[in-house]
Amino acid sequence: MIPAENPAILSVSISNGMTVEIRLGLKEVRIGRSKEADLLLPDPSVSRLHARIFRVGDQYFLSDNSKNGTLVDGKRISQVQLEGGVSFSIGPYQIHFSRDGKSPSAPEPPTVVSGSPVDALPRIEKKISPKTSYSTLDMIGNSTVIKDLISNIYKVAGSDFPVLIEGETGSGKELASRGIHEYSYRKDSPLVIVNCGAISPELIESELFGHEKGAFTGATTQRRGAFEIAHGGTIFLDEIGELPYRLQPKLLRALEQKEIKRVGGNESILVDVRILAATNRNLTKELSEKRFRDDLYFRISTITLTVPPLRDRREDILPIATHFLADAASRANRAVPELSGPAVELLSSYDWPGNVRELRNAIQRAVVMSDSPSLTPRDFSFLLPAHSDASPEVIGQSLSRWEQSEKTNILSELSRQKGNKTRTARELGIAKSTLFEKLKKYGIRTMQ
């Protein structure tokens, strides 16, 4: 386990497709609509320097400096101590304060874990303060592909090159981007997350580059976009394959020249941001079909990382499920249920087309709907195809009771040994070759 001090994080949704996060440390953080603000909120109801957050010892305090006020629980405050999980209002924005190092707005669940490649990366370690938080890489799993991904995140974080993160929906691309930002020298500046697929094509240029007053119908005030808000920090362009073709040259210009123009404006504005992008599309196919510009592709893909789908690292399924079990039980105010052997088998053999996000949702649903201290395949019956003739109760019915018990014992020991077959065979008291025969007999698939 990597030693860490969990940081405090401010998170705010600026619009339907844009979220801003900023890490709190010892330095005072100023909130407002001015360029001098550390957390920039582009709305006329927000004062130029509306509020500030400062640290005394281990506690954070919110202080209001504004005309229109800062609200906590609907009440205007002058100064208040912040506790983890609290939200406060500034103008139209709800700002969330978190002490556990995880943004409350994060849609991506943890996908990989513990076990640190830091010792293997002395060059990167020298650039990281011993008190740096490692919580953004709170990753669960021990598969080789995940260890490689973590190692690569450490490596690329130390540079300032663009990174393209590829992977299926729900696999953890946003989590990888958070890790890169957290380990970069930009970690104390904003991380701005823009979901290109969630913003209408008519508004995305304004969201990225901002607009001047009167630039279009409804533009009643000047507004700064993602690039200005992220100045000094990182922009994560999620689902970049959804970016309209007509806007791609403007994005390329911003990357190449480090400057932007607001919609309806003539002034060139210098911006210093690092670009991270993600896609679940095959961008090389998009290139051949002229839906994505090759010059932009080569600019954003200086470094490419791939987040593997869950079905390609099945030994990580049970540890991740166990993590989600504890979290879901805590939220449901109930004791943590166990996973029965047949339930473990079902979860481990399922292909998880929705990846980690689907696994999280499945565990949450099962925990909420079950009254039993142990979850069985029946609690996950919604995962079975509607046309399947097999009910959860008859899964494994072709095995004798003794064989089912042996299979469950092997699955449990494999999980306890984190997929290591040599240690599993030793703990079970059988030869490794015998273990392989039993894995084949019972159809147990692993990646190691």
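Draft legend 1. Local environment of the nonpolar core. Of all hydrophobic cores here, the largest spans 59 residues; its most connected members are Leu 10, Leu 41, Phe 88, Phe 227 and Leu 237. With sequence-adjacent residues up to four places away left out, Leu 237 is seen in contact with Val 194, Cys 196, Leu 208, Leu 251, Ile 275, Leu 276, Ala 277 and Ala 278. By size, the runner-up hydrophobic cluster in this structure holds 33 residues, among which are Ile 317, Ile 320, Leu 411 and Leu 435.

Draft legend 2. Region of interest: the packing of helix 13 (residues 421-428) against helix 14 (residues 432-441). Following both chains from N to C, one finds helix 13 and helix 14 inclined at 100°, their axes separated by 9 Å at the closest point. The orientation of helix 13 relative to helix 14 falls into the category roughly perpendicular. Facing helix 13, whose interface residues are Lys 421, Thr 422, Thr 424, Ala 425 and Leu 428, helix 14 presents Lys 432, Leu 435, Phe 436 and Leu 439. Of the residues in the contact of helix 13 with helix 14, the class split is five nonpolar, two polar and two charged.

Draft legend 3. Up close: the sheet that holds strand 14 (residues 234-238). Strand order in the open sheet formed by 11 strands is 8-7-10-11-1-2-13-14-17-12-18, with mixed pairing between adjacent strands. Looking along the sheet, the strands with just one partner apiece sit at the ends: strand 8 (75-76) and strand 18 (303-306). As judged from the two bridges shared by strand 7 (residues 70-72) and strand 8, these two strands associate in the antiparallel manner. The partner of Val 72 across the bridge, within strand 8, is Lys 75. Sitting on the sheet, helix 2 (residues 144-157) is in contact with strand 12 (163-166), strand 17 (274-279) and strand 18, with an inclination near 155° to strand 18.

Draft legend 4. A look at the packing of aromatic side chains. Scanning the entire structure with this criterion turns up seven aromatic pairs. With a centroid separation of 5.9 Å and 65° between ring planes, the pair formed by Tyr 60 and Phe 97 is classed as edge-to-face. Within this pair, whereas Tyr 60 is found in strand 6 (residues 59-64), its partner Phe 97 is found in strand 11 (residues 93-98), the two being separated by 37 residues in sequence. Each member of the pair, Tyr 60 together with Phe 97, is buried. For Arg 365, the ring lying beneath its charged end belongs to Phe 382, and the centroid distance is 4.0 Å.

Draft legend 5. Examining the pairing of strand 10 (residues 87-90) more closely. Side chains Ser 87 and Ser 89 of strand 10 all project onto a buried face; the interleaved residues Phe 88 and Ile 90 project onto the opposite face, where all are buried too. Sheet topology note: the strand 7/strand 10 ladder contains three bridges and is antiparallel. Considered in strand 10, the bridge of Val 72 is made with Phe 88. Inspection of the sheet shows strand 10 paired to strand 11 by four bridges, in the antiparallel sense.

Draft legend 6. Structural context of unusual backbone geometry. In this structure, Asn 333 takes a positive phi of about 55° despite not being glycine. Counting through the fold element by element, Asn 333 comes out in the loop between helix 9 (317-331) and strand 19 (338-339). What makes Asn 333 exposed here is its relative accessible area of 72%. Although it is not a glycine, Trp 352 sits at a positive phi angle of roughly 50°. Here Trp 352 lies in the loop between helix 10 (341-349) and helix 11 (355-369). Taking relative accessible area as the criterion, Trp 352 reaches 0% and is therefore assigned buried.

Draft legend 7. Spatial organisation of the sheet that holds strand 6. Taken in spatial order, the five strands line up as 4-3-5-6-9 in an open sheet, and their pairing is mixed. The sheet is open, and its two edges are formed by strand 4 (39-40) and strand 9 (79-82), each paired on a single side. Sheet topology note: the strand 5 (residues 51-56)/strand 6 ladder contains six bridges and is antiparallel. Residue Arg 55 lies in a different strand from strand 6, and its bridge partner there is Tyr 60.

Calculation notes
Residues numbered from 1 in each chain as written. Predicted model: local features only at pLDDT ≥ 70, side-chain atom pairs only at ≥ 80, totals over all residues. Heavy atoms only, no water. Core = buried A, V, L, I, M, F, W, Y, C linked by side-chain atoms within 4.5 Å. Buried < 20%, exposed > 50% of the residue type's maximum accessible area, 1.4 Å probe, protein only. Contact = heavy atoms within 4.5 Å. Axes fitted to C-alpha atoms, helices over the stretch in contact; angles between N-to-C directions. Helix = DSSP H or I, 4+ residues; strand = E, 2+ residues; numbered from the N terminus. Parallel < 35°, antiparallel > 145°, perpendicular 65-115°, else oblique. Nonpolar A, V, L, I, M, F, W, Y, C, P; charged D, E, K, R; others polar. Pairing = 2+ DSSP bridges. Phe/Tyr/Trp six-rings, centres within 6.5 Å; stacked < 30°, edge-to-face > 60°. Lys NZ or Arg CZ within 6 Å of the ring centre and 35° of its normal.

Spatial relationships are all this shows, so hold off on functional conclusions.
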